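Results of the structural survey
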Amino acid sequence: MTQTSPLAPIHVIGGGLAGSEAAWQIATSGVPVILHEMRGVRGTDAHKTDGLAELVCSNSFRSDDATSNAVGVLHAEMRLAGSLIMRAADSSQVPAGGALAVDRDGFSAAVTAALEGHPLISIIREEVTGLPPEAWDQAIIATGPLTAPSLAEAIQARTGADSLAFFDAIAPIVHTASIDMDICWFQSRYDKVGPGGTGKDYINCPMDEAQYNAFIDAMIAGDTTGFKEWEGTPYFDGCLPIEVMAERGRETPRHGPMKPMGLTNAHNPTVKPYAVVQLRQDNALGTLYNMVGFQTKLKYGAQAEIFRLIPGLQNAEFARLGGLHRNTYINSPTLLDRSLTLKGRPGLRFAGQITGCEGYVESASIGLLAGRFAVAERRGETPSLPPETTAFGALLGHITGGHIVSDDEPGKRSFQPMNVNFGLFPPLEPGTVTKPEGVKRFRGKDKALAKKQATAARALEDCARWLGR
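Residues numbered from 1 in each chain as written. Predicted model: local features only at pLDDT ≥ 70, side-chain atom pairs only at ≥ 80, totals over all residues. Heavy atoms only, no water.

Residues that lie three or four places apart on an α-helix share one face, since the helix turns once every 3.6 residues. Between its terminal C-alpha atoms helix 6 (residues 209-221) stretches 18 Å, which fits the 18 Å expected from 13 residues at 1.5 Å a residue. Contact partners of the buried residues in helix 6: strand 11 (202-207), helix 7 (242-247), strand 12 (275-281) and helix 8 (300-307). Capping of helix 6 at its N-terminal end is provided by Asp-208; its side-chain oxygen lies 3.2 Å from the backbone amide nitrogen of Ala-210. (Helix = DSSP H or I, 4+ residues; strand = E, 2+ residues; numbered from the N terminus. Expected span 1.5 Å × (residues − 1). Contact = heavy atoms within 4.5 Å. Polar contact = N/O pair within 3.5 Å; in protein donor to acceptor, adjacent residues only side chain to side chain.)

What follows is the structure, encoded as C-alpha cells:
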C-alpha cells in the first residue's frame, strides 16, 4: 500500500549504489522519492542487468576492520546511519579473508527488493537526458562513472567546466570447477579470518621465477583495447590494468596483487612461491571466483590465452572476461559546495563516483550524505555536515575541498578520485597516542597502528554523536 506524505518528492537520477542509498535515506526519513534509472530502457558498456546497485567490477567492499582501517571505519559509520547498501552487503556476504565481499546477484536483488517495496519510493525506468527541470526543486544526480553522454554534455554546458575522465578496467571471473586444485590451494594472506570467513578464503595460484617472467612477457606483448577517442586519459592508480602495471616495471605486479607474502604453498610448503595470483569467491554458491587485482584492457582472445599461462588456470573457463570502460567525474571542489550542491543551482546535488570519490562504499556513503542533506532542505532546515574527524567528513572534505589547479599556485596537482584513507582525516591532538607502559621502543609499525586505532575510535565516537546515537 502506497504511503502518502505532505512533502513534495525529491528526485534521484541513477539507481547505482549512490542513488539507491540516497533514495533509501530520503524515504526512511519520511520524504517521498522518485528514483529515475535508465537501465531497462538503455544499457551501458559495463552493466549486464537492470538490477539496482549492480556491481560491475569487483565484488569486494574491501576491509571490514573498523579498528584500524579507514574503509572499515566507513562501513561502521554507514551501519550507524542505517545504510541500505551495508545491510544488503551484510546479508549477501561471501568468505573473503579480512574483506567484506558479496554475492553480487544477491546483493543487487536485496537492494532492488528493498527500494521497490518501500511505500515512499517510486521507480521510473527512463533516461534523463538533461539537467533536472527547475520544477524538481530538490534533486540528486548520482549517475556514476557511466553517465550517459547527453546528460554529461548537459552538465558540462551548465557548469562551463570540462568533465575529467579515466579508464576503469574490470577483472575476469573464473568458473571454480575449472581451477586445478592439485596446483592451487585455499588460504587467506597471513591466514586472516574476516567476516564470514575461515582464513582460507582465497584460491592461490603459485608461480616460480621462470613462470612469472614468461607471464609478464606475454602480458606486455598482449593485444589490448585501444584508447580511440579517449586517447591520453589517465588511469586511476588504485585500479590499474594488470598489464599496465607490468609495463611500469616487471616487478611491479609482484609487489602488488601478485605478492607472495603471507602465503605458504600447501602442496610444497618448503618452497616459497616467487609470485602468487589470488582468486576471491564471487558468489554465494562458490561456483565463481574473480581474479584479484587483475583489471585488464587486454582483448578477449588475448586474455583467455595469457591468463591460462597461470599455473592452476591452464584449463580455466571464464564466466566473464575483463573489460574497459570510461569513467567520468566532475571537478567537484570548484563546482560543489560543502553540502554537495551545484553552485548557482540551489537544490541540485551530485553524489557517488561522479563527484570524484572512488570505490563502492565511498560512492554509497556520498549518496547517503546527499540524501540526508536533501531531506534537511526539504524540511526547511540547514543540512548538518558530518564532523571532519569522521570517515564521512574526511571523504566529503576531499570531494568538496580537494586539490584544484590554480593560476596563482603553479604546479599544484589537479583534483583526482580517491578512496577513503587515513590521510584524509585531520591529525590527532598532540598526546593522544602515548607509549604503552612497559614498552621501551614505540615507533615504526607499532606507533603507526596505534595512530590508526586512535583515529578510528575518534571517528566512530564523533559519528555516533553527529547521528544522535
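Next comes the rest of the account.
Turning to the sheet that holds strand 1 (residues 10-13), a few remarks are in order. Read from one edge of the open sheet, five strands run 6-2-1-7-16, paired in parallel fashion. Each edge of the open sheet is held by one strand with a lone partner, namely strand 6 (121-125) and strand 16 (348-350). Between one strand and the next, the sheet's axes are offset by a mean angle of 20°, whatever the strand orientation. Pairing geometry for strand 2 (residues 33-37) and strand 6, over five bridges, is parallel. Within the sheet, the bridge partner assigned to His-36 lies in strand 6 and is Ile-124. The strands that helix 10 (residues 360-378) touches are strand 1, strand 7 (139-141) and strand 16; relative to strand 16, the one it contacts most, it runs at about 165°. (Pairing = 2+ DSSP bridges. Axes fitted to C-alpha atoms, helices over the stretch in contact; angles between N-to-C directions.)

It is the contact of helix 3 (residues 84-91) with helix 4 (residues 104-117), at a shortest axis distance of 9 Å, that shows an interaxial angle of 135°. On the basis of the axis angle, helix 3 is oblique to helix 4. Viewed along their axes, helix 3 and helix 4 form a crossing whose handedness is right-handed. Facing helix 3, whose interface residues are Leu-84, Ile-85, Arg-87, Ala-88, Ala-89 and Ser-91, helix 4 presents Phe-107, Ala-110, Val-111, Ala-114 and Leu-115. Looking at side-chain class alone, the contact of helix 3 with helix 4 contains nine nonpolar, one polar and one charged residues. (Parallel < 35°, antiparallel > 145°, perpendicular 65-115°, else oblique. Left-handed = near helix turned anticlockwise from the far one by under 90°. Nonpolar A, V, L, I, M, F, W, Y, C, P; charged D, E, K, R; others polar.)

This paragraph deals with the packing of aromatic side chains. Going through the model one piece at a time under the given rule, you end up with nine aromatic pairs. With centroids separated by 6.5 Å and ring planes inclined at 70°, the aromatic side chains of Phe-186 and Tyr-289 adopt a geometry described as edge-to-face. Here the residue Phe-186 occupies a position in strand 10 (residues 185-186), and Tyr-289 occupies one in strand 13 (residues 288-291), the gap between them amounting to 103 residues. Owing to a relative accessible area of 36%, Phe-186 belongs among the partly exposed residues under this scheme. Under the relative-accessibility criterion, Tyr-289 is labelled buried at 5%. Cluster of aromatic residues (ring-pair linked, three or more members): Phe-61, Phe-107 and Tyr-360. Over the ring of Tyr-274 we find Arg-254, and its NZ or CZ is 3.9 Å from the ring centre. (Phe/Tyr/Trp six-rings, centres within 6.5 Å; stacked < 30°, edge-to-face > 60°. Buried < 20%, exposed > 50% of the residue type's maximum accessible area, 1.4 Å probe, protein only. Lys NZ or Arg CZ within 6 Å of the ring centre and 35° of its normal.)

To continue, consider the pattern of salt bridges. Considering all chains together, one arrives at twelve salt bridges under this definition. Here Lys-299 and Asp-223 are joined by a salt bridge, their closest N and O atoms 3.7 Å apart. One end of the pair, Lys-299, is in the loop between strand 13 and helix 8; the other, Asp-223, is in the loop between helix 6 and helix 7, with 76 residues separating them in the sequence. The exposure class assigned to Lys-299 is partly exposed, which follows from its relative accessible area of 40%. On the basis of relative accessibility, which here comes to 44%, the residue Asp-223 falls in the partly exposed class. (Salt bridge = Lys/Arg side-chain N within 4 Å of Asp/Glu carboxyl O.)

Two elements in contact, helix 10 and helix 11 (residues 391-401), have axes whose closest approach is 10 Å; the angle formed by their N-to-C orientations is 90°. Classified by the interaxial angle, the pair formed by helix 10 and helix 11 is roughly perpendicular. Only Phe-392, Leu-395, Leu-396 and Ile-399 of helix 11 make contact with helix 10, whose side of the interface consists of Glu-362, Ser-365, Ile-366, Leu-368, Leu-369 and Phe-373. Looking at side-chain class alone, the contact of helix 10 with helix 11 contains eight nonpolar, one polar and one charged residues.

Next up on the list: the confidence of the model for the chain. For the chain, the mean per-residue pLDDT works out to 88, and 90% of the residues sit at or above 70. Across residues 408-413 the pLDDT falls below 50, and counting only partners more than four positions away or on other chains, this stretch makes six contacts in the model. (pLDDT = per-residue confidence, 0-100.)

Next up on the list: the pairing of strand 12. Counting buried positions along strand 12 yields seven of seven residues, so the element is predominantly enclosed. In the sheet, strand 11 pairs with strand 12 via six bridges, with the strands oriented antiparallel. Following the sheet pairing, Tyr-202 is matched in strand 12 by Arg-280. With three bridges connecting them, strand 12 and strand 13 associate as antiparallel partners. Across the sheet, the residue bridging to Gln-281 is Tyr-289, located in strand 13. Two successive antiparallel strands, strand 12 and strand 13, enclose a turn made up of six residues, where Gly-286 displays a positive phi of approximately 75°.

Moving on: the nonpolar core. Counting residues in hydrophobic clusters, the biggest one holds 81 residues, and the most contacted among them are Phe-61 and Phe-107. Per-element tally for this core: the top contributor is helix 10, with ten residues. For Phe-107, the contacting residues outside a window of four places in its chain are Leu-17, Ala-53, Leu-55, Phe-61, Ile-85, Ala-88, Ala-89, Ser-92 and Val-102. Membership of the second largest hydrophobic core comes to 31 residues, among which are Phe-215, Met-245, Val-277 and Phe-307. (Core = buried A, V, L, I, M, F, W, Y, C linked by side-chain atoms within 4.5 Å.)

What follows covers unusual backbone geometry. If you check the backbone angles, Ala-53 has positive phi at about 55° while not being a glycine. Within the secondary structure, Ala-53 sits in the loop between strand 2 and strand 3 (60-63). Judged by its relative accessible area of 0%, Ala-53 falls in the buried class.

Taken together, six strands build an open sheet; the order of strands is 10-11-12-13-9-14 and the sheet is antiparallel. Since the sheet does not close on itself, it has two edges, and those belong to strand 10 and strand 14 (318-320), each with one partner. Both strand 9 (residues 173-175) and strand 14 contribute to a ladder of two bridges, which runs antiparallel. Residue pairing across strands places Val-174 opposite Phe-318, the latter belonging to strand 14. Lying on the sheet, helix 6 is in contact with strand 11 and strand 12; it crosses strand 11 at an angle near 95°.

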